[in-house]
Amino acid sequence: MPALTIGRMAKLYGLHRSTLHEAVARGRISAGFDGKGQRVIDLSEMIRVYGEPPGCPTPPDTSPTPSPDTAPTPTVGELSGLLEELRLLRQEVRELREAMLLLEHKPVIPPAVEVKKAESFADLLRDLDGN
């Protein structure tokens, strides 16, 4: 953005020079010096504080989102790819839910077998032989 002297900026905005000098002194607007030692204010600073200069045409709206009344209605052919992808994603979610249920399934543990307490080493050997 161009930087203009305080006098030229005041004329552009229809302000008095003292108003801009005071704004710079209070820190409301930042200013610098040009090569000649004159105090200059960047146009972006003025736009930040005072808005666009009067008499300047406003730039056209370049927003990437079109307004609803000018956006064309998509055709069924354009939407068929999206519908197919949606169907596949829903199928994948269904399969993942089933897999998660299988992972969460806790098998039933049969009741513990009654264990006889062996009174001697001979009893242990006899139980191992199956007698």
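Our subject is the structure that appears above.
Reading the values: rules and limits
Residues numbered from 1 in each chain as written. Predicted model: local features only at pLDDT ≥ 70, side-chain atom pairs only at ≥ 80, totals over all residues. Heavy atoms only, no water. Core = buried A, V, L, I, M, F, W, Y, C linked by side-chain atoms within 4.5 Å. Buried < 20%, exposed > 50% of the residue type's maximum accessible area, 1.4 Å probe, protein only. Helix = DSSP H or I, 4+ residues; strand = E, 2+ residues; numbered from the N terminus. Contact = heavy atoms within 4.5 Å. Pairing = 2+ DSSP bridges. Patch = residues over 30% accessible without salt bridge, like charges linked within 9 Å, V, L, I, M, F, W, Y side chains within 5 Å. Areas by Shrake-Rupley, 256 points an atom, 1.4 Å probe, with all protein chains shown as cover. Salt bridge = Lys/Arg side-chain N within 4 Å of Asp/Glu carboxyl O. Arc of directions from axis to C-beta. Axes fitted to C-alpha atoms, helices over the stretch in contact; angles between N-to-C directions. Left-handed = near helix turned anticlockwise from the far one by under 90°. Nonpolar A, V, L, I, M, F, W, Y, C, P; charged D, E, K, R; others polar.

Visitor: Describe the nonpolar core, and please don't skip the residues or the numbers.
Guide: Ile6, Met9, Ala10, Tyr13, Leu20, Ala23, Val24, Ile29, Ile41, Leu43, Met46 and Val49 form the largest nonpolar core, which has 12 residues in total. Mapped by element, the contributors of at least two residues to this core are α1 (6-13), α2 (17-25) and α3 (43-50). Among the elements that line this core, the one with the most residues is α1, at 4 residues. Those residues within four positions of Ile29 in sequence are excluded, and the remaining contacts are Leu20, Ala23, Val24, Ile41, Glu45, Met46, Arg48, Val49 and Tyr50.

Visitor: Describe the pairing of strand β3 (residues 39-42), listing the residues and the values that go with them.
Guide: As defined by bridge partners, strand β1 (residues 3-5) adjoins β3 across 3 bridges and the pair is classed as antiparallel. From the neighbouring strand, Thr5 faces β3, where its bridge partner is Val40. Relative to β3, strand β2 (residues 32-33) runs antiparallel, the two sharing 2 bridges. Looking at the pairing, Phe33 lines up with Arg39 of β3.

Visitor: Quick one: what's the story with the sheet that holds β1, residue by residue and with numbers?
Guide: To summarise the sheet geometry, strands pair through backbone hydrogen bonds and adopt either a parallel or an antiparallel arrangement. Taken in spatial order, the 3 strands line up as β1-β3-β2 in an open sheet, and their pairing is antiparallel. Lying at the two open borders of the sheet, with one neighbouring strand each, are β1 and β2.

Visitor: Before we move on, can you summarise a nonpolar patch on the surface with the specific residues and values?
Guide: A surface patch of nonpolar side chains, about 360 Å² in accessible area, is lined by Leu79, Leu82, Leu83 and Leu86. Positionally, Leu79 belongs in helix α4 (residues 76-104). On the basis of relative accessible area, Leu79 is assigned to the partly exposed category, the value being 34%.

Visitor: So what's going on with α3? Residues and values would help.
Guide: Those residues of α3 not exposed but buried are Leu43, Glu45, Met46 and Val49. Along the long axis of α3, the arc covered by the buried residues comes to 155°, so they all point the same way. Just beyond α3, the residue with positive phi is Gly51, at close to 85°.

Visitor: Would you mind going over the packing of α1 against α2 in detail, with residue names and values included?
Guide: Where α1 contacts α2, the axes come no closer than 8 Å and their chain directions differ by 115°. Of the two possible hands of crossing, α1 and α2 adopt the one that is right-handed. Across the interface between the two elements, Ile6, Gly7, Met9 and Ala10 of α1 pack against Arg17, Leu20 and His21 of α2. Its residues assigned to classes, the contact of α1 with α2 comprises 4 nonpolar, 2 polar and 1 charged.

Visitor: If you had to explain α1 to someone new, which residues and values would you point to?
Guide: Among the residues making up α1, those that are buried are Ile6, Met9, Ala10 and Tyr13. Taken down its axis, α1 places every buried residue within 100° of arc, on the same side. Turned more than 90 degrees away from the buried face of α1 sit Arg8 and Lys11, all of them exposed. Positive backbone phi, at 70°, marks Gly14, one or two positions downstream of α1.

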